[in-house]
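For reference, the chains in residue letters:
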Amino acid sequence: MNPSCGTTPSCGTTPSGGEPKDVVSSEGYHYALEAEELTCSPVHFLTFESPTVVETGLPKVHAQTPKPVIVLDSDETIGSWGDLSLLYSYFWTVLRKAPCPTRFVEIAKATGVVRPHLAELLTSLLSMKAEGDVGAIVLMTAAPNCYGWVSFLVRVLEVWLDLGKGALFDLVLAKEQILAWNKEKSIFWRPEEGIPKDMHQVKAGLGLAPDTPTLMVEDRPHLVLHADRLLQVPPYNVAVDLVGVAETFLDKEEWSETLALTWRVTFSETWDIFCRHPHHFTDTAADVALKSQVKTVKDTVKTLCT
Ligand SMILES: [Mg+2]
């Protein structure tokens, strides 16, 4: 899980000073960040121009012939993103620059945070959608997007799969949207149990008929409401040697001796736990949960269509 050596692509950045407004990466991804707030406010107070996370086109489905909607959980289902999100925050809050999706793809490949066989599952879903067997593909995550992490992760996955912006998911729902829906619908839960995910919200978000079947892939299925089918996967939990990542993938200005002195302990937290308790983490080489889901999803979609 140590990162392999690699070159660091050049990335679009905000100026270190001045008054940056919008940030465009080398891929042309528009973050629409109110950058002045970035320099003045703590992370959890940042606001973005688009609070609805990702609105990525209309699902290719006719209201009279509802095709199943596939809903994917994010954390611990399709990847283990904790350390990557910490690095993302480091770029915005410490370096004051836009992280580059291409560079994060390289880091993801080197660290194993993307769950094995995810590409196979996603390309299979896209093929089923193109063939008309699947109505839409949705990412539904309890991770917050208040500082743009979920939107960025989606872009990283798109770049990884060589897809255009918005070509992967028809809808992305993050914590803010889920909490708002749950409040509106009076869905209550115990905070320690996690946030419920209501498939009715997915269909409403896509503008689909209430009888549209839904299939969700999730590591915590007890949190899912009103799904026609639930496919449970074991949680995928990977520790990243984030200091090694910084030393390998960041340049000298981004990981200077001074910054390393300040941030080394924070960057080492997960890795230190892994070194003491490796059995708490997933054996990435042995994880075939998504491989088996490719066929299971196909078979389940067939049953939902009949
Ligand atoms: Mg999860």
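Residues numbered from 1 in each chain as written. Predicted model: local features only at pLDDT ≥ 70, side-chain atom pairs only at ≥ 80, totals over all residues.

1. Observations concerning the overall build of the chain
For step 1, the next point in the chain: Check the secondary structure of the chain and you find 10 helices and 8 strands.
For step 2, the next point in the chain: Taken across its 306 residues, the chain has 40% of its residues classed as buried.
For step 3, the next point in the chain: Considering only contacts within the chain whose residues lie at least 6 apart along the sequence, 75% involve residues at least 24 apart. (Helix = DSSP H or I, 4+ residues; strand = E, 2+ residues; numbered from the N terminus. Buried ≥ 20, exposed ≤ 12 C-beta atoms within 10 Å, placed from the backbone. Contact = placed C-beta atoms within 7 Å.)

2. Regarding the packing of helix H8 (residues 242–249) against helix H9 (residues 257–276)
For step 1, the next point in the chain: Interhelical geometry of H8 versus H9 gives an angle of 125° and a closest axis separation of 7 Å. Taken together, the axes of H8 and H9 are oblique relative to one another. In this structure, H8 contributes Leu242, Val243 and Ala246 to the contact, and H9 contributes Arg264, Phe267, Ser268 and Trp271.
For step 2, the next point in the chain: Split into classes, the residues belonging to the contact of H8 with H9 amount to 5 nonpolar, 1 polar and 1 charged. (Axes fitted to C-alpha atoms, helices over the stretch in contact; angles between N-to-C directions. Parallel < 35°, antiparallel > 145°, perpendicular 65-115°, else oblique. Nonpolar A, V, L, I, M, F, W, Y, C, P; charged D, E, K, R; others polar.)

3. Thoughts on helix H2 (residues 82–95)
For step 1, the next point in the chain: Between its terminal C-alpha atoms H2 stretches 19 Å, which fits the 20 Å expected from 14 residues at 1.5 Å a residue.
For step 2, the next point in the chain: Buried within H2 are the following residues: Asp83, Leu84, Tyr88, Tyr90, Phe91 and Trp92.
For step 3, the next point in the chain: Looking one or two residues beyond H2, the residue adopting positive phi is arginine 96, at roughly 55°. (Expected span 1.5 Å × (residues − 1).)

4. Overview of the nonpolar core
For step 1, the next point in the chain: In terms of nonpolar packing, the biggest core is built from 71 residues, with Ile70, Val71 and Val138 touching the most fellow members.
For step 2, the next point in the chain: Ranked by residue count, the leading element in this core is helix H5 (residues 149–160), at 9 residues.
For step 3, the next point in the chain: Contacts of valine 71, omitting those with residues within four sequence positions, involve Val138, Met140, Met199, Val202, Thr214, Leu215 and Met216. (Core = buried A, V, L, I, M, F, W, Y, C linked by C-beta atoms within 7 Å.)

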